[in-house]
Amino acid sequence: MGGHPRRPRWAAGSAVALGGLACVVAASFRSLLIDPRSAVRSAADRWIRFAAPPGKTLASTVALDASAFLAFPAVVEMLDLKGVAAADLYDYVPRKLTATFRNAGAEIEGSIGRSALGGWVALSLSFGNKASYVVVVDYASGNLTAVAPTYGKILAEKGLRGYVDATNTYGPRGLKVYNASSLLVALGANANKGPRAIWNFVEDTWTILCDGGSNDAHDLQLSYDGSQLWQADGRTAIEAWDVSSGDVVASFAEVDVEDPNHVQVTDEDAIAYVSSRQTDGIVKMKTDGTVVWTLGGPNGDFNVTFDGDHYAAGSSLWVGQHNAEYVGDDEYCLFDNQEGTGANSRLLCVELDYHRSKAAVTFAKDLGSYTPHFGDNDRLPTSNQFGVHWPDQVDVDDQYDVRALEVVRATGDVVYELKVVGAKCHSASDCDKGLTDRWTSYSAERFYAAPLVWNASCAGSTLSFTAADAFKRPNKYAATYDVVERPARRAKSVAGDFELAAYWRDTAETVDVSALTGPLTLTVTNAQGAATTVDVDECS
């Protein structure tokens, strides 16, 4: 199907106002990926004018209605296949999607500069068992780049035929960036189990992994060399599956773990950090099954300090957490649900001093609401935090079902919000929504088309720059630099290898350019072949 979506039969005579935003989005996002830098610059130029003077807050919002989703033919097809009535539309398509920037500029850019305003947000969305999507949103413009309904018949048409049940709605749970054009997705159906696949959101095609084998859908991660897929089975073991054959090629038993919802395997597959939800713990294990330590909860080995209060080893500061992971420099970030405590959920980071048997909270953001399940909290290269949550009690005056947000660590300021809005509610009781009668999100990811490169300068005979990979990865990976004289005709060059740091931390690099003269052009290429080019002034 192509072009404008046909008017669906379920909308005939409907009083639902969808506006005039239904347009051909697919063609525009393909052009974006062909040359992402030009699109990023224009989007950044649009938002940079909202940078606020000291002491003032300026905000600007882009709002899309349901027709932005209906611009994608697969969404229309899903609604037709399910026979959705007009009155039930917002149980199957969000009523609104809004992106808001506050004080866009230095607080979002950090030391990186304007390139930090580029890239995308990937988001998993579900409305109970009625409808589910993987969504990619252009960060700077707030526009939908790609939308994939994860309904069985649609998935089959897009590449998963023979591996999915045509009548099932598969909830996307585990979500990781595969490369600049594709996402790793764990699809959950019955009892949160289902197949694992790669969604190429540029081509809108799906590729099955592990020969279609089914497993717990809470999380997934590629091994260091990409040949295996690490996952918890949801009960007793953590396993590595061959991405082609589906054979289990490695396995170790979970110890001191109950209800694992996140497994991060690092150090070239030697170490695993397991988020044990029902024991409120982050368990560090070797992949031979040896427990190294546990941080938090009744099995915890460390005292924890937060805001002047002390929590003895064996107590729970965070409760029922999701997506806990190591972010480098002895720090761990998690989504603290505060399950069943009556407190608000929060984004939380904690620094561990292993040798002194203690830890301290380094960042906390109260979200002003309670999220009983799911949630995410990632560190960005700017050092801002990026998370997602859904309030069980929707605010009548600020209605949204799901919110992804970017927070400045030093101030706690929310500088970016992406809100998914469902059917309008009219009273506090009406807005008290359960897990299955509203939109929810398990995870969100921030990513770029190519490596980020900043602070490129030349002094004497040394060119220096700082770089970070295009997306978060749990291991360091090889990269290259190429420095060329400008203009390029008959120009000399210097090339070399280096490594981009794990956990989306930055890497500082220097290059001897004594053999080069004049202004220079630096190109940094990551292990996947994505490249970023910046111009550097003549060495002083």
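Use the structure listed above.
Residues numbered from 1 in each chain as written. Predicted model: local features only at pLDDT ≥ 70, side-chain atom pairs only at ≥ 80, totals over all residues. Heavy atoms only, no water.

**Student:** Can you walk me through the nonpolar core in this structure?
**Tutor:** Grouped burial of nonpolar side chains is what soluble globular proteins tend to show. By size, the foremost hydrophobic cluster in this structure holds 83 residues, and its most contacted members are L144, L183 and W206. Aside from chain neighbours lying at most four places away, what touches W206 is V134, A148, T150, L155, K158, G159, L160, V185, L187, A197, I198 and W199. Membership of the second largest hydrophobic core comes to 21 residues, among which are I271, Y273, F302 and A502. (Core = buried A, V, L, I, M, F, W, Y, C linked by side-chain atoms within 4.5 Å. Buried < 20%, exposed > 50% of the residue type's maximum accessible area, 1.4 Å probe, protein only. Contact = heavy atoms within 4.5 Å.)

**Student:** Would you take a moment to explain the packing of aromatic side chains for this structure?
**Tutor:** The relative placement of two aromatic rings is captured by the distance of their centres and the angle of their planes. Evaluation of the coordinates by the stated rule reveals 27 aromatic pairs. When the centroid spacing of 4.9 Å and the interplanar angle of 70° are considered together, the rings of Y326 and Y503 count as edge-to-face. Linking Y326 in strand β22 (residues 322-328) with Y503 in the loop between β35 (493-500) and β36 (507-512), this pair joins segments that are 177 residues apart in sequence. For the pair Y326 and Y503, one class covers both residues: buried. Members of the aromatic cluster, connected to one another through ring pairs, are Y273, W293, F302, Y326, Y332, Y354 and Y503. Across the ring face of Y139, the terminal group of R446 is positioned such that the distance to the ring centre comes to 3.5 Å. Looking at R473, its charged tip hangs above the ring of Y477, at a distance of 3.7 Å from the centre. (Phe/Tyr/Trp six-rings, centres within 6.5 Å; stacked < 30°, edge-to-face > 60°. Helix = DSSP H or I, 4+ residues; strand = E, 2+ residues; numbered from the N terminus. Lys NZ or Arg CZ within 6 Å of the ring centre and 35° of its normal.)

**Student:** I'm lost on the environment of V255 in this one. Help?
**Tutor:** Its place among the elements puts V255 in the loop between β15 (248-253) and β16 (260-266). Excluding residues within four positions of it along the chain, V255 makes contact with V283, M285, G289 and V291.

**Student:** Even after reading the chapter, I still don't get the sheet that holds β35, so can you show me in this structure?
**Tutor:** Strands belonging to one sheet form pairs held by backbone hydrogen bonds; the direction of such a pair is parallel or antiparallel. Sheet architecture is open: four strands sit in the order β35-β34-β37-β38, paired in antiparallel fashion. Of all the strands in the sheet, just β35 and β38 (531-536) have a single pairing partner and so form its edges. Strand-to-strand twist in this sheet, taken as the mean axis angle between neighbours without regard to direction, amounts to 20°. Relative to strand β37 (residues 520-525), strand β34 (residues 477-485) is paired through six bridges, and the arrangement is antiparallel. Paired with V483 across the strands is L522, a residue of β37. (Pairing = 2+ DSSP bridges. Axes fitted to C-alpha atoms, helices over the stretch in contact; angles between N-to-C directions.)

**Student:** Help me out: how do you make sense of the state of the cysteines in this one?
**Tutor:** Linking two cysteines covalently through their sulfur atoms gives a disulfide. Taken as a whole and judged by the stated rule, the model has three disulfides. In this model C425 forms its disulfide with C431; the gap between the sulfur atoms is 1.9 Å. One disulfide, between C425 and C431, carries an S-S torsion of 95° and so falls in the right-handed class. Residue C425 is classed as buried on the basis of its relative accessible area of 2%. The exposure class assigned to C431 is buried, which follows from its relative accessible area of 0%. (Disulfide = S-S within 2.5 Å.)

**Student:** Sorry if this is basic, but what is going on with the pattern of salt bridges here?
**Tutor:** Any two side chains of opposite charge can pair if their charged atoms end up close together. Applying the stated criterion across every chain yields a total of 21 salt bridges. Note that K158 is salt-bridged to D204, the shortest N-O span being 2.9 Å. One end of the pair, K158, is in helix α6 (residues 152-160); the other, D204, is in the loop between β9 (196-200) and β10 (205-208), and 46 residues separate them in sequence. The shortest N-O distance in the salt bridge between D378 and K472 comes to 3.1 Å. Of this pair, D378 sits in strand β26 (residues 376-379) while K472 sits in the loop between β33 (462-468) and β34, and the two are 94 residues apart along the sequence. An identical accessibility class is assigned to D378 and K472; each is buried. Several salt bridges share partner residues, and in doing so they unite E325, D378, E445 and K472 into one network. (Salt bridge = Lys/Arg side-chain N within 4 Å of Asp/Glu carboxyl O.)

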